[in-house]
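Spelled out, the chains give:
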Amino acid sequence: MALQKLSHSYTKIGFKPLQTTVRHILYSLSFSLFCICQITAQEINKTKEVPIPANQDTIKPVQINPEELLNEKAQDTVKKDTLAEPQLLTDKVAYKATDYMRLSRKENKMYLYDNAEIVYGEMQINAGFIVVDNTKNEVYAYGIKDSLGEYVQTPVFKQAQNVVEPDSIRFNFDTEKALIYNSRTEQNGFKIKNEISKRENDSVIYMKNVKFTTSENIEDPEYYFYARRIKFVPKKKIVTGLVNMFIADVPTPLGLPFGYFPLTEDRTSGFIIPSPGEENNRGYFLQNGGYYFAISDYVDLTLMGDYYTNGSYTFAAESAYALRYKYRGSLRFRYENNLRSERGFPDFAKTTTYNIQWTHSQDAKANPNSRFSASVNFGSSDFFQQSTNQLNTGNFLNNQISSNISYSKTFQGDPQVNVNLAATHNSNTNTGIVNLSLPNMNVSVSRVFPFAPKVGAKKGIIQNINTQYNFKGENRIQTTDDDLFSSNMFKGAKVGMQHTIPLSTNFKLFKYLSATAGTNFQENWVFETIKQSYDSSANDGAGQVVRDTIKGFDAFRTYNFSTSLGTTIYGTFKFKKGKKIEAIRHTMRPSISYSINPAFSEFYDSYTVTDDPNTINIDETEVVEYSRFEGGYFGAPSNTFSSSIGFSLSNNVEMKVKSKDSTATEAKKVTLLNNLNFSTSYNVAGDSLKLSPLSITGNIPIIQNKLDINFNAQLDPYALDNNNRKIDVWNIDNGGSLFRLTRASANFGYSFSSKDFEKGKVNEDPLDNQNFRNEGRPDNLFGGVTDFGEDRSFDKDKSKDTDKDIKNYNYKIPWTLRLSYNVNYSNNARQNEISSHSIMFSGDVELAPRWSVGVSSGYDLKNPGFTYTNLRFQRDLESWVMNFNWIPFSERTSWNFFIGIKSSMLSDIKWDKRREPDRQL
């Protein structure tokens, strides 16, 4: 089985970018030199002259059999390498040239001119001019000058994916030494150029004046690292002289006087250098220092920590694992001990927080019938409010964190059985309440049609009868942060099991009416009930209700019946021919339903409440009914009989208009009103308030597929008394209108940009950008994430777009804008007020091809004032990026300045200065 390796390592000692880059340089050049030496004098320089047709301008590739090239004399005079025995060619050599190819016995040389090429196996050399000197046993490759005198067709060496582009190459077949001048190559994102490379033998290579950078332009890079002397022993070591960094060809103090780097093809363990800094509350600090463990090719471990001079500290552990075609995942743990001020001072405070994040996903090909997955975000409720070393806005503003671990198994067959076993968690960061469900189990048996024919479609009421079985079992725990992982957390645990068997059918009436009918049976199991009684002598004679918990198995059963009848009505209004609007269609889907829910009074008991325990007057006592299942997992069954008739009406209004495309054969459909729904119900068996409030929901498309306004409202036909309580009197009979508006809301979200106003441009959906992984908003409405522990202090997605339309910036400035609007109205008890009214917005403007400014904020229209606001500025410096984030007000007031290299391989080269928000510990 193929196994996937993890690609993540750190430098043991020295300078991480230097080690990685130098290694790429030396490997690349060693590859080129080793392959060049294979085209030795043994294969080429002993060849016979090949006659050249006089009237041919282009020479076709010639296949050379290496065995024909070698004679006994040549084999006797070949010098042997001290490290390896000479080997014969294992493949044919092909060579060609556009202008001419000449083999001279007098000079004992072979010349290839203009687009010269030599191919041996997967190795290829291209140059303007290639000369093989059989006397000196050397090969030369050069560029040539064009008609303007410019140096073109410089040598290019290729082997598999490795490419080296020097100015010239000189190689000696006898000594197998080589000189390569001004070679250029690219390895894993690095552009490498060195002045001279000298190959001593198969195991030692010397380099002089080496430059390496991640800049796109190797000839004029914005920055580069410069090494004067390098000795490279492949797969063993690298020894360098002085190495330092140049920015705009200006040397900087950043560098090393010398370096020794052991080489290995595998990932290696090593130290992670911490970042120093200063904070107002905790003093000076060292952050993100630690050690990286390359445990194996399939799992790693990173241990990191922070330390502050006031005694605060942080410990973090991260691990990633992967097994190709099986699964992959990551685990992250963070513990923080935060101190405020100094011990002994009156404002001293201490708090500890922790957070565990685990993600696990199974490959779909691993096992189609079973699947295990995990998405865990578990920890202290105030972790994201108090956490140091990160500013995750989405997590901070969200008041819920949740987790889910599940295993599912499918048993194929007829019927099919699905089993799901899971553990879930949900925490409210404001209240500190934690809800756990562990374990919970769901079993479902697929739908069965016992009377369906073996072949053909099902018809009629009998053949469509179907049933299935569902089981749900759960252990539910509600606790607080303080009681978590203590014995107290299990005191309020509730366990319940539920069996559900639905039976239903569907059929047609009078061809146009669709009818459904069904019944549902449920049996609920609990393991704890409550017995209630009244003790009039308790509480100093005032009396009180006594509740006793009864441990043990108990169960109750419920059932109901329901049926419905519905149809679809179409109404079309057509316009005269030649009009832009061809037709308007109104689609209505009325439905009427009836349901019966019996009263399950057998599961109810009663107790008597009296002020005087010695009284015998019935008028002075009160009988209270209760169910022993109250407060249990499933609650208590209803003891009220209901017989309800439900009404609903769904409406859709569409319009057909002529398409602007003259080649279109059909009209374009435009939705005017989408899912305008009205619903209510009438309880025939009720003694009062029989008619339920009328519910209205709908959607109005403003801009097709971009902007929809969602709205809902509730209209109550009953009036209120002087105490604002609903009474069994029609509102219109109480001097009011036919209906009383009790609540309403409307909202919309819209994202658009300058591309929407350009013909032929399609704007990408901003929801595709998943910026927050821990319950944050996916639309970046609050701004991006800044996690200093992950080197994520700038928007890497923006830095990827390097193809800028510079000439149009004088009148076209790219921009994006995201809006979210919400309004709620409440009038349940004559409040007649707007309960909430706000608008959120986030936008970015590119003032110049590499300058971007943005803002994320909102405005509360009910309580005038700006909500959480984030300002950001970003400058793309090609190989570098500069970023400034500022939260100007609120308790999170802070700012951060960052400048660093974009490449992840050189992410340690940065300067980060910030003011973190004050912590309320």
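What counts, and where the lines are drawn
Residues numbered from 1 in each chain as written. Predicted model: local features only at pLDDT ≥ 70, side-chain atom pairs only at ≥ 80, totals over all residues. Heavy atoms only, no water. Helix = DSSP H or I, 4+ residues; strand = E, 2+ residues; numbered from the N terminus. Buried < 20%, exposed > 50% of the residue type's maximum accessible area, 1.4 Å probe, protein only. Contact = heavy atoms within 4.5 Å. Polar contact = N/O pair within 3.5 Å; in protein donor to acceptor, adjacent residues only side chain to side chain. Salt bridge = Lys/Arg side-chain N within 4 Å of Asp/Glu carboxyl O. pLDDT = per-residue confidence, 0-100. Pairing = 2+ DSSP bridges. Phe/Tyr/Trp six-rings, centres within 6.5 Å; stacked < 30°, edge-to-face > 60°. Lys NZ or Arg CZ within 6 Å of the ring centre and 35° of its normal. Core = buried A, V, L, I, M, F, W, Y, C linked by side-chain atoms within 4.5 Å. Patch = residues over 30% accessible without salt bridge, like charges linked within 9 Å, V, L, I, M, F, W, Y side chains within 5 Å. Areas by Shrake-Rupley, 256 points an atom, 1.4 Å probe, with all protein chains shown as cover.

1. Examining the overall build of the protein
Broken down by element type, the protein carries seven helices and 55 strands. Within the protein, the fraction of its 921 residues that count as buried is 38%. Contacts in the protein between residues far apart in sequence, at least 24 positions, make up 53% of those at least 6 positions apart.

2. Let's talk about the side chain of K902
With respect to the secondary-structure elements, K902 resides in the loop between β54 (894-901) and β55 (910-915). There is a polar contact of 2.9 Å between the side chain of K902 and the backbone oxygen of E878.

3. Looking at the pattern of salt bridges
Per the stated rule, a full pass over the model turns up 19 salt bridges. The salt bridge partner of K96 is E117, with a shortest N-O separation of 4.0 Å. Pair noted here: K96 is in strand β2 (residues 93-97) and E117 is in strand β4 (residues 109-120), with a separation of 21 residues, a long-range link. For K96, a relative accessible area of 31% puts it in the partly exposed group. A residue is classified by how much of its surface remains accessible, and E117, at 15% relative accessible area, is buried. R557 is the partner of E523 in a salt bridge, and the nearest nitrogen-oxygen pair spans 3.6 Å.

4. Digging into the confidence of the model for the protein
Taken over all residues, the pLDDT of the protein has a mean of 79, while the share at 70 or more is 79%. Segment residues 1-88 is flagged for pLDDT under 50; beyond a separation of four residues in sequence, or across chains, it makes 217 contacts in the model. In the model, residues 788-794 has pLDDT below 50 throughout and makes 32 contacts with residues more than four positions away in sequence or in other chains.

5. Some points on the pairing of strand β29 (residues 400-411)
Inspection of the sheet shows strand β27 (residues 370-379) paired to β29 by six bridges, in the antiparallel sense. Bridge pairing links R371 to S408 in β29. Pairing of β29 with strand β30 (residues 417-428) involves 12 bridges; the strand directions are antiparallel. Of the residues in β30, the one forming a bridge with I405 is A423. Between the end of β29 and the start of β30, which pair antiparallel, lie five residues, with G413 showing a positive phi angle near 155°.

6. A short note on unusual backbone geometry
Following D414, the chain continues into P415 via a peptide bond in cis, with omega recorded as 10°. Mapped onto the elements of the fold, P415 is located in the loop between β29 and β30. Look at the link from L438 to P439: it is a cis peptide, with omega at -10°. Looking at the secondary structure, you find P439 in strand β31 (residues 433-448). Unusually for a residue other than glycine, N108 sits at a positive phi of about 55°. For N108, the position within the fold is in the loop between β3 (100-104) and β4. The phi dihedral of Y325 falls on the positive side, at around 65°, and the residue is not glycine. Mapped onto the secondary structure, Y325 falls in the loop between β24 (313-323) and β25 (327-340). Classification of Y325 by relative accessible area gives partly exposed; the value is 44%.

7. Quick look at the pairing of strand β17 (residues 243-247)
Counting buried positions over the five residues of β17 gives four, a clear majority of the element. One ladder, built from four bridges, connects β17 with strand β18 (residues 250-256); its direction is antiparallel. Directly across from V243, in β18, lies its bridge partner L256. If you look at the hairpin formed by β17 and β18, you'll find two residues sitting between the two strands, and A248 has a positive phi there, around 55°.

8. Focus on the packing of aromatic side chains
Given two aromatic rings, their pairing is described by the distance between the two centres and the angle made by the two planes. Considering all chains together, one arrives at 35 aromatic pairs under this definition. Note on Y113 and F129: the rings are 5.7 Å apart at their centroids and 70° apart in plane angle, and the pair reads as edge-to-face. Taken together, the residues Y113 in strand β4 and F129 in strand β5 (residues 123-133) connect sequence positions 16 residues apart. Exposure remark for Y113: the relative accessible area of 24% places this residue in the partly exposed category. Three or more aromatic residues joined by ring pairs make a cluster, and in this case those are Y100, Y111, Y113, F129, Y140 and Y142. For the cation-ring pair, K211 lies above Y224, with the distance from its terminal atom to the ring centre recorded as 4.7 Å. In this structure, K409 is placed above the aromatic ring of F411, and the distance from its NZ or CZ to the ring centre is 5.9 Å.

9. Describing the side chain of E336
Here E336 shows up in strand β25. At 2.7 Å, the side chain of E336 forms a polar contact with the side chain of R334.

10. Remarks on the nonpolar core
Within the largest apolar cluster, 23 residues are counted, with the highest numbers of intra-cluster contacts made by Y95, L112, I118 and I130. Those elements that provide at least two residues to this core are β2, β3, β4, β5, β6 (138-142), β11 (168-172) and β12 (178-187). If we ignore the near neighbours within four places in the chain, the residues touching I130 are M110, Y111, L112, A116, E117, I118, I125, V139, Y140 and A141. Of all hydrophobic cores here, the second largest spans 18 residues; its members include F190, F225, M245 and I909.

11. Notes on a nonpolar patch on the surface
A contiguous nonpolar patch, built from I592, F647, Y682 and V684 and spanning about 330 Å² of accessible area, is present on the exposed surface. Overall, the relative accessible area of 33% leaves Y682 in the partly exposed class.

12. Considerations on the environment of M905
Locating M905 in the fold gives a position in the loop between β54 and β55. The class for M905 is partly exposed, based on a relative accessible area of 23%. Spatially, the C-alpha atom of M905 lies 9.4 Å from that of T214, the residues being 691 residues apart in sequence.

13. Let's talk about the environment of P221
Relative to the assigned elements, P221 resides in the loop between β14 (204-213) and β15 (223-233). Along the primary structure P221 and K191 are separated by 30 residues, whereas in three dimensions their C-alpha atoms are 9.5 Å apart. Not counting residues up to four positions away in its chain, the partners in contact with P221 are T213 and S215.

14. A word on the environment of Q831
With respect to the helices, strands and loops of the structure, Q831 is situated in the loop between β48 (815-826) and β49 (833-848). Note on Q831: relative accessible area 36%, which makes it partly exposed. Separated by 107 residues in sequence, Q831 and N724 have C-alpha atoms that sit 9.7 Å apart. A polar contact of 2.7 Å, which involves the side chain of Q831, links it to the backbone nitrogen of A829.

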